[in-house]
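Inside the fold
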Amino acid sequence: MQISQTDWPETDFTEAVESLAQRHYAVIPDFLSPPMLKLLHDECLQRHEEGHFHAAAIGRAAGQQHNTGIRGDSICWLQPDFPAGGRYLQRMADLQAILNRELYLGLRQFETHYAHYLPGSFYKRHVDRHRDNDARVITAVCYLNPAWPDGAGGEIRVWNARDEEVMTLAPQGGTLLLFTSHDIPHEVLPADRLRLSMAGWFRRD
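Residues numbered from 1 in each chain as written. Predicted model: local features only at pLDDT ≥ 70, side-chain atom pairs only at ≥ 80, totals over all residues. Heavy atoms only, no water.

Focus: the pattern of salt bridges
Scanning all chains against the criterion turns up 11 salt bridges. For the salt bridge of Lys38 with Asp42, the shortest nitrogen-to-oxygen distance reads 2.9 Å. Placement of the pair is Lys38 and Asp42 together in helix H2 (residues 34-49), with a separation of 4 residues, close to one helical turn. Here Asp42 falls in the partly exposed class, since its relative accessible area comes to 33%. Among the ionic pairs, Arg71 bridges to Asp73, the shortest N-O distance being 2.7 Å. In this pair, the class of Arg71 matches that of Asp73, namely buried. (Salt bridge = Lys/Arg side-chain N within 4 Å of Asp/Glu carboxyl O. Helix = DSSP H or I, 4+ residues; strand = E, 2+ residues; numbered from the N terminus. Buried < 20%, exposed > 50% of the residue type's maximum accessible area, 1.4 Å probe, protein only.)

What about the packing of aromatic side chains?
Summed over the entire model, instances satisfying the criterion amount to 5 aromatic pairs. A centroid spacing of 6.3 Å and a plane angle of 50° characterise the contact between Trp77 and Trp201, whose relative ring orientation is tilted. With a gap of 124 residues between them, Trp77 in strand E3 (residues 74-77) and Trp201 in strand E11 (residues 195-203) connect regions that are remote in the sequence. Seen in terms of ring centroids, Phe110 and Phe202 are 4.6 Å apart; in terms of plane orientation they differ by 40°. Their pairing is tilted. With Phe110 in strand E4 (residues 109-117) and Phe202 in strand E11, this residue pair connects regions lying 92 residues apart in the sequence. Here Phe110 matches Phe202 in class, with each residue buried. Through a chain of ring-to-ring contacts, the aromatic side chains of Trp8, Phe13 and Phe31 assemble into a single cluster. Here the basic side chain of Arg125 rests over the ring of Trp159, its NZ or CZ set 4.4 Å away from the ring centre. (Phe/Tyr/Trp six-rings, centres within 6.5 Å; stacked < 30°, edge-to-face > 60°. Lys NZ or Arg CZ within 6 Å of the ring centre and 35° of its normal.)

Here we look at the sheet that holds strand E6 (residues 136-143)
Ordered by their spatial adjacency, 7 strands build an open sheet running E1-E9-E6-E11-E4-E3-E2, and the pairing between neighbours is antiparallel. Strand pairing shows two members of the sheet lacking a second neighbour, strand E1 (25-28) and strand E2 (54-55), which therefore form its edges. Across 4 bridges, E3 lies against E4 in antiparallel orientation. The partner of Trp77 across the bridge, within E4, is His113. With respect to the sheet, helix H3 (residues 85-103) is in contact with E4, E6, strand E9 (176-180) and E11, its orientation differing from that of E4 by roughly 130°. (Pairing = 2+ DSSP bridges. Contact = heavy atoms within 4.5 Å. Axes fitted to C-alpha atoms, helices over the stretch in contact; angles between N-to-C directions.)

What to know about the layout of surface pockets
The calculated volume of the largest pocket comes to roughly 870 Å³. Of all the elements in the fold, those that place two or more residues in the lining of the largest pocket are E2, E3, E4, strand E5 (123-126), E6, strand E10 (186-188) and E11. For the lining of the largest pocket, the leading source of residues is E11, giving 6 residues. The class makeup of the residues in the lining of the largest pocket is 18 nonpolar, 12 polar and 12 charged. (1 Å grid on protein atoms, 1.4 Å probe; cavity = no way out; pocket = protein on both sides within 12 Å on 5 of 7 lines; lining within 4 Å. Points joined across faces, edges and corners; volume = space filled by probe spheres on them. Nonpolar A, V, L, I, M, F, W, Y, C, P; charged D, E, K, R; others polar.)

A short note on the environment of Ala55
Within the secondary structure layout, Ala55 lies in strand E2. The sequence separation of Ala55 and Gly72 amounts to 17 residues, and the corresponding C-alpha distance is 7.6 Å. Discounting chain neighbours no more than four positions away, the residues touching Ala55 are His66, Asp73 and Ser74.

Describing the sheet that holds strand E8 (residues 165-169)
A sheet is described by the order of its strands in space; here 4 strands give the open sequence E5-E10-E7-E8, paired in antiparallel fashion. Both edges of this open sheet fall to E5 and E8, since each of them pairs with a single strand only. Between one strand and the next, the sheet's axes are offset by a mean angle of 10°, whatever the strand orientation. As judged from the 2 bridges shared by E5 and E10, these two strands associate in the antiparallel manner. Following the sheet pairing, Tyr123 is matched in E10 by Val188.

Considerations on the packing of H2 against H3
Helix packing geometry: the angle between the two helix axes and the distance between the axes. Axis separation between H2 and H3 bottoms out at 9 Å; the angle between their running directions is 125°. If you check the angle between H2 and H3, you find them oblique. Along the contact surface, H2 presents Met36, Leu39, Leu40 and Glu43, while H3 presents Gly85, Arg87 and Tyr88. For the contact of H2 with H3, the residue count by class is 4 nonpolar, 1 polar and 2 charged. (Parallel < 35°, antiparallel > 145°, perpendicular 65-115°, else oblique.)

Now the structure itself:
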């Protein structure tokens, strides 16, 4: 499926690539057009209502466990045949090519899931790369709540590899956050309302 210009705003990724290279994170406001934001938001809610979500786990493979004291969201993995999610996967394939060309990362695939946080849910501080697997290279978080109000909570708090807090970012719909998966600790703060997003990883396996 071809992605039309009405689906995606014209985006110059130069600044984001430079920020990733220098600071290991980048924020891209308005990555989603308003129509795409609505399509993804509605698809996330519809799939949740249809029972396609499951409680998110921590850990990997045989070490996976569910612990709502650490992580409270439920998730649904995007597939290429999702009407809206498939378009997002195509767009991220374009971004993958840019990151490989500019940063020589050797990325080979991208995976992502919808994340559904009920009011009060959170995800405590963690890094995204598993200790026994270095496949995840760049994390990509895209927010799906339009017009997120000040004071509603739900921010992502980010530290750098020196354990310095560098950013607390509100989950404003359409914003894309990128950061290196191995050395950027982060946490999701509780919100006073439903919080929707997509969390994914550019991988080199």
